[in-house]
Amino acid sequence: MTFLKIFGFGCIVLICFELLVAGVETSSENDDEYLTQKEIILEKSYHGLIRENETLVEITPLIKVNEEKICNFHILKKPYHEIPFEIELVNNLGILKARRTLNCENRKSYHFEICAIYCDGTPSNTANVHITVIDVNEYAPTFLEPSYVIEVDEGRLYNEILRVEASDKDCTPLFGDVCKYEILNNDEPFSIDNEGSIKNTEPLSHKASHNHILSVVAYDCAMKESAPIMVSIKVRRVCETKFLGMPERIDYTSGSTESLQLFPNARLDLCDISCKNEDFRIHSSISLKTKHISFGCDRDISNCTSGQKVKDLLPHGAEWTKELSYDEGLEPIFHFDGSTGVVVPASVIDHYDFSSQPFSILTLFRHNSQIETNKHVKEHIVCNADDHKMNRHHMALFVRNCRLIFLLRKNFNEGDLNIFSPAEWRWKIPEVCDNEWHHYVLNVEDSSKIDLFIDGVRFENSIEDRHSNPEVIDDWPLHAAHGVNTSLAIGACYQSLENRLKHGFNGDISEVKVSLNSVLTAEDIKCGTTCAEHLLAPKPLQSYNEKSYSENSQIKENIEMNEIYISAKNKHDIEQLMRKVQYINIKQKPTVGRRNIEVLTTLSCKNESSLRLPPIETYIMVNEPIAPLGIDIDVGSASLEQSDPLYSPKIAISGTSNKLVSYQEIKLGVHILEKTSIDSLSKTNGKLEDKNHIDSCSVVVFPSLNPDHEDIKIDGDESLSSSMDIKTNINKDGVEMIGKDTISNYINVLRSLVYSNKKPAYYLNRVFKLSCAQQSSQYKSGEYTLTLTVLHPKQTLLKSTNVLPSSSLSKVNLIGNTNNETTLHLNSGSVNGNDNNQSTDTKVYSYSLLHTNNVQEPKSHIHSFMHKAEGSHVTMLIILVSVFLAVLLCGVSIARLKNNQKYIDHHQPCPKTSDDGLVWDDSALTITINPMQADVTSEASSESENSESEDEEALKDGFTHINQLEWDNSNIFQQ
């Protein structure tokens, strides 16, 4: 029994234990299911974006939960980390917000965990949240320095002057990096790159500006601009050793025959240069350049060869030279083209035997050498040949293959026919083919002694070619020819068998003279080549005791007196000597024009290298006398006439004296002399002859060009130079054209000159002075002046049209022509034009000039005048009709008012109008009377008459007094 009880109790315990185990397993399964459902509430991670100026976080993906199970969210804070966020449950979504606005510059991102809280208070699984703060461009760049100051040397181009640097507090590269720098004042010669490096774009000048103040700003990559800062760049004067006080132009009045000091204010700036051993020397050379003058310089030959029997074989005005082409002047120039020449009459030289008696040939010529010329072609200056039956040449002077050749054949009776004797002398000299004027003298005493003088200097051969220059050719004497005389020709050689001139000279000859039975002396040769214009060297400086000359200075000059060499040991002496250098022209009628002066200076120390100073280039302008006779210069042209009654040459230059150009035109380049024309006429014995050759032209620019941004070029230079003999030299002072050529070719070159200016804002106008000379250089035009005016546009327009006062019109005469040019003559009482109604263009320029010369307007500008004039007629008509109607209505209204007042005074009722539509309703009509109108009557007729007369006056005065009656129609159409 006891056993049974124990067995039963054990079974009961076993059953309870099984039930308990089964219950525990069921509970564990339910708990696992419950925990699994909690874990899938949130995603593993969330990413959010928030702007600096916002509080709502844009979360991805959205935090979605079931509000039936989830009642709240919780942010798991980490120690020592601030989490400025909070999360709310709104409509099954977790909304994440910032408690305050965030700053990307302080912290760019946040990391934390969140979990959902079940309604029973148990938490869900956790999720990672990563939030990035989006930057807002709230900060502008700021420079590290409030301002920058630096000094630079003048005259240099720097790769970098200084570097400015700015920073930005924004946290992202787009808003926080500086991507660009800019200089606000663009008129300064500086540039800046994206790294903040500032450099100059042209050499700076302390004289032009000693301090450049720049306004610089920085931009971030979103182009937000910083506040400007000031960058001051001071230009430090660099002392340059050079002469100061040297004039750019020196004026000399022709005919004064007085010397003129060239550099009265010369001053040498040494910039503290000194020598260690105190052995200091200053060397200066002053050169007078006159090669562009026809004969190399002004010559005075009026007193030359006075004691010799000299015959002129090429006189001006002789019967046998009148058919030649020539330029007039005191020393006329004859042109030979290879097919022309003249025969000297026997009355001048009667068959002179050149082989048996001494003689001299004097000639002044310029040979036009050509590269492709046949080397065997002879070009005769003088030729003495048989007059009939044969073509033997007895005596000749000619050019062949750039050699000057003299031929002299002996006659048969002077010796055995089988004996060779010198018959031909060939000089190889460069002067023959350099296209320049040269003076040649050939002294022939006999066949064994022949001397050649070139420009007054006796020809001496060098050691290397003493046996070949001149090359002497022997020949037999001429055979006897009975009854055959000789014929002397100039510019060619007479061929009797062909009965024509042959072997012609190609070039210009000014004179050919011979001295018979004697040769020219050294004094005569020198007189014919000495220049009448030259430099006068200063006298040596006296020492301090005033009794002897100082040994510290040396003065030398060349034979031609166109170069002076000065040497001194100190600054004071060289300045005193330089101030005493003079120019003089003793010719009675010197050639008007320009003479260039060049000054070269060198500083040297003993046993040390020398220093060359910058060369000085200036010029002497020989002007016409103050009150010359026979000068007639008109407005718009420049001309000069000599007062000689027989020869009255005139070189006239005409064209537009004013040219207006815009910024764009002058930057691209404008043809400054495109309207220029040149005429060369001479009146001889009542006949008008055209002289179509001139010798030189010069265009002087005032002030001188700035080579940094100004330039003069020849448009189509290659095509022009290939077909012309004009040598062109372009420098900062202008353009020089030298060489005998036709007027048409000179005009083509002048019209091809293109002036450009890359910085037109720096200038108001430019003055170009043109003058030309005939080949003799004795007759020269007056200076033709062209003013090139730069139009500076403004941003505003005039609202009214300005009319030139009548007082001003009375002094100006406007003469129109077909070329849209206008010539203004002062002190004229009439006004002539193509249109009576003239209006002023409403385009405004910051500068306005009135010149007493031809004014050339751009075509578009002139068209605007015409267009406005046409539009003004329509406007005038409309205004006149409106004024007439206004006056008429005013008169009718006043009359009706008076009429109504009359009826009221008599107590008479107004009759009722059958047609209400005809009743005048003036309740909405307002008429404003101009208080400036003095005479207003109440009568309608007087109102009309006054208005019509005033309308006529307004029409005459250019509509300046037309607004005397004004309509107030603000409510005329309101009912």
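Every residue gets a number counted from 1 within its own chain, in the order that chain's sequence is written. Local features are withheld for residues below a pLDDT of 70 in this predicted model, meaning they are given only at 70 or higher, and side-chain atom pairs are given and counted only at 80 or more; totals for whole chains, interfaces and linings count all residues. In computing side-chain properties, one takes all heavy atoms of the structure into account and sets aside hydrogens as well as water.

**Student:** An account of the side chain of T363 is needed here, citing residue identities and associated values.
**Tutor:** By definition, any uninterrupted DSSP run of H or I lasting at least four residues is a helix, any uninterrupted run of E lasting at least two residues is a strand, and each is numbered from the N terminus. By the secondary structure assignment, T363 is in strand β26 (residues 359–367). Here a polar contact means two N or O atoms within 3.5 Å. Within protein one must be a hydrogen donor candidate and the other an acceptor candidate, and residues neighboring in sequence count only if both atoms are side-chain atoms. Among the polar contacts listed, one links the side chain of T363 to the backbone oxygen of E511, at a separation of 3.1 Å. With sequence-adjacent residues up to four places away left out, T363 is seen in contact with I381, L397, H438, H439, Y440, I509, E511 and V512. Note on contacts: a residue pair qualifies if any of its non-hydrogen atoms lie within 4.5 Å across the two residues.

**Student:** Please provide a residue-by-residue account of the environment of S610, values included.
**Tutor:** Relative to the helices and strands, S610 resides in the loop between β43 (593–605) and β44 (611–612). Judged by its relative accessible area of 46%, S610 is partly exposed. On a C-alpha basis, the gap between S610 and R281 in space is 9.5 Å, while along the polypeptide they are 329 residues apart. If near-sequence neighbours (up to four positions away) are discounted, S610 is found in contact with T602, L603 and S604. Three exposure classes are used, based on accessible area relative to the maximum for each residue type with a 1.4 Å probe and protein chains only: buried under 20%, partly exposed in between, and exposed over 50%.

**Student:** Lay out the pairing of strand β53 (residues 710–714) in plain terms, naming residues and giving numbers.
**Tutor:** Strand residues, when the strand is regular, have side chains that alternate between the two faces of the sheet. Where burial is concerned, the two faces of β53 differ: the one with E710, I712 and I714 is buried and the one with D711 and K713 is not. Two strands are said to pair when DSSP picks up at least two bridges between them. Sheet analysis places β53 next to strand β56 (residues 753–757), joined by 5 bridges and oriented antiparallel. When the bridges of β56 are listed, I712 appears paired with Y755.

**Student:** Can you break down unusual backbone geometry residue by residue, with the values?
**Tutor:** A cis amide bond, omega 10°, links N469 with the succeeding residue P470. Checked against the element boundaries, P470 lands in the loop between β33 (457–458) and β34 (471–475). Between F702 and the following residue, P703, the backbone shows a cis peptide bond with an omega angle of -10°. Looking at the element boundaries, P703 is found in the loop between β52 (693–702) and β53. Located in the positive-phi region is D455, a residue other than glycine, with phi close to 55°. As for its position among the elements, D455 is in the loop between β32 (449–454) and β33.

**Student:** An account of the packing of aromatic side chains is requested, with residue identities and associated values reported.
**Tutor:** Note on ring pairs: Phe, Tyr and Trp rings are taken, using the six-membered ring of Trp, and paired if centres are within 6.5 Å. Classes follow the plane angle, with under 30 degrees stacked, over 60 edge-to-face and the rest tilted. Throughout the structure, instances matching the rule amount to 12 aromatic pairs. For the ring pair F354 and F359, a centre distance of 4.9 Å and an interplane angle of 75° mean the geometry is edge-to-face. In this structure F354 comes out as buried when scored by relative accessible area, which is 4%. Residue F359 is classed as buried on the basis of its relative accessible area of 0%.

**Student:** Just give me the short version of helix α3 (residues 522–529), but keep the residues and values in it.
**Tutor:** Along α3, the residues classified as buried are D524, I525, G528 and T529. Down the axis, α3 shows its buried residues gathered within 125° of arc, on one side only. Those residues of α3 that are exposed and aimed more than 90 degrees away from the buried face are A522, E523 and K526. The inward-facing, buried residues of α3 abut β31 (438–446) and β32. The directions from the helix axis to the C-beta atoms are what the arc is built from.

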